[in-house]
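Chain by chain, the residues run as shown.
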Amino acid sequence: MLGCGLAFTSCLMSTASHPTVPLKCAFELPPILGSWQLLKQESPAASELSILQATDHWQRVYQCQKTQKVVVATLIAGAAGPLASHQPEVCYARHEFCAHSDARIWTVPERRDSFRFQTLEPRQPTESALTIAYAWHDGTNWTAPGLPRFQLAGHASLQRLQLNMRHPGGLSRAAEVALRQFVQLILDAADAQATAQPNLITASF
């Protein structure tokens, strides 16, 4: 109850003081990212988009042509309150997963961007584990604060980038390495689009 109350208060603080939100995601992804190839385009569940009050989103599924690993990348734009208040690992824990490792904050080499990584264990031992990585863009950098609902409360809008990879239990380290490489490819692609279309990217934040 306390957590829900804090999340609701955070939503009210953000939306009341900053009424505008970005209408579009700041960048798209090309069909090929390094050794990763686009498999399909999807969308988060309508219920999730409603809870997050998304104004724009995309979801892409890629597979590595070398390792056959599969990653799901999702970008959601919207009001800061809902996006900062709902952390992915909490939502997953309500359904398929019951336990998880401690979160790890990773700073992207040669950048000021940071992402949160966490591995979730399945409720059923025969099912796959899930490693996730995510961060919010505050208009300057990708960031993964420990208390996002408070530390990001001063922003009108945010964009949240999330990566998911399913894998056998015990292989979380390999999954995290692959996701780190994919994050770097995404950021390079976003930088290239910002250079080619600076007005579009700036207007989105």
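Residues numbered from 1 in each chain as written. Predicted model: local features only at pLDDT ≥ 70, side-chain atom pairs only at ≥ 80, totals over all residues. Heavy atoms only, no water.

Trainee: Just to check I follow, could you spell out the nonpolar core for this structure?
Mentor: The biggest cluster of nonpolar side chains holds 32 residues, and the ones touching the most others in it are Phe27, Trp36, Phe115, Leu163, Phe182 and Ile186. Looking at this core element by element, the count peaks at nine residues for helix H6 (residues 172-196). Other than its neighbours up to four places away in sequence, phenylalanine 182 contacts Leu33, Trp36, Tyr62, Val71, Ala73 and Leu163. With 14 residues, the next largest nonpolar core counts Ala84, Leu120, Ile132 and Leu152 among its residues. (Core = buried A, V, L, I, M, F, W, Y, C linked by side-chain atoms within 4.5 Å. Buried < 20%, exposed > 50% of the residue type's maximum accessible area, 1.4 Å probe, protein only. Helix = DSSP H or I, 4+ residues; strand = E, 2+ residues; numbered from the N terminus. Contact = heavy atoms within 4.5 Å.)

Trainee: Honestly, the side chain of threonine 74 in this entry has me stumped. Any pointers?
Mentor: Examined against the element boundaries, threonine 74 turns out to sit in strand E4 (residues 70-79). Accessibility expressed as a relative area gives 7% for threonine 74, which makes it buried. In this structure the side chain of threonine 74 is engaged in a polar contact, spanning 2.8 Å, whose partner is the side chain of glutamine 59. Filtering out sequence-adjacent residues up to four positions away, threonine 74 remains in contact with Pro44, Trp58, Gln59, Arg160, Leu161 and Gln162. (Polar contact = N/O pair within 3.5 Å; in protein donor to acceptor, adjacent residues only side chain to side chain.)

Trainee: Could you clarify how one ought to interpret unusual backbone geometry in this entry?
Mentor: Leave glycine aside and you will find that most residues have negative phi; peptide bonds, for their part, are mostly trans. In this structure, glutamine 68 takes a positive phi of about 70° despite not being glycine. By the element assignment, glutamine 68 lies in the loop between strand E3 (54-64) and E4. Judged by relative accessible area, which is 44%, glutamine 68 ranks as partly exposed. Positive phi, normally seen in glycine, also occurs at glutamate 110, with a value near 65°. As for its position among the elements, glutamate 110 is in the loop between strand E6 (104-107) and strand E7 (114-122). On the accessibility criterion, glutamate 110 (86% relative accessible area) is exposed.

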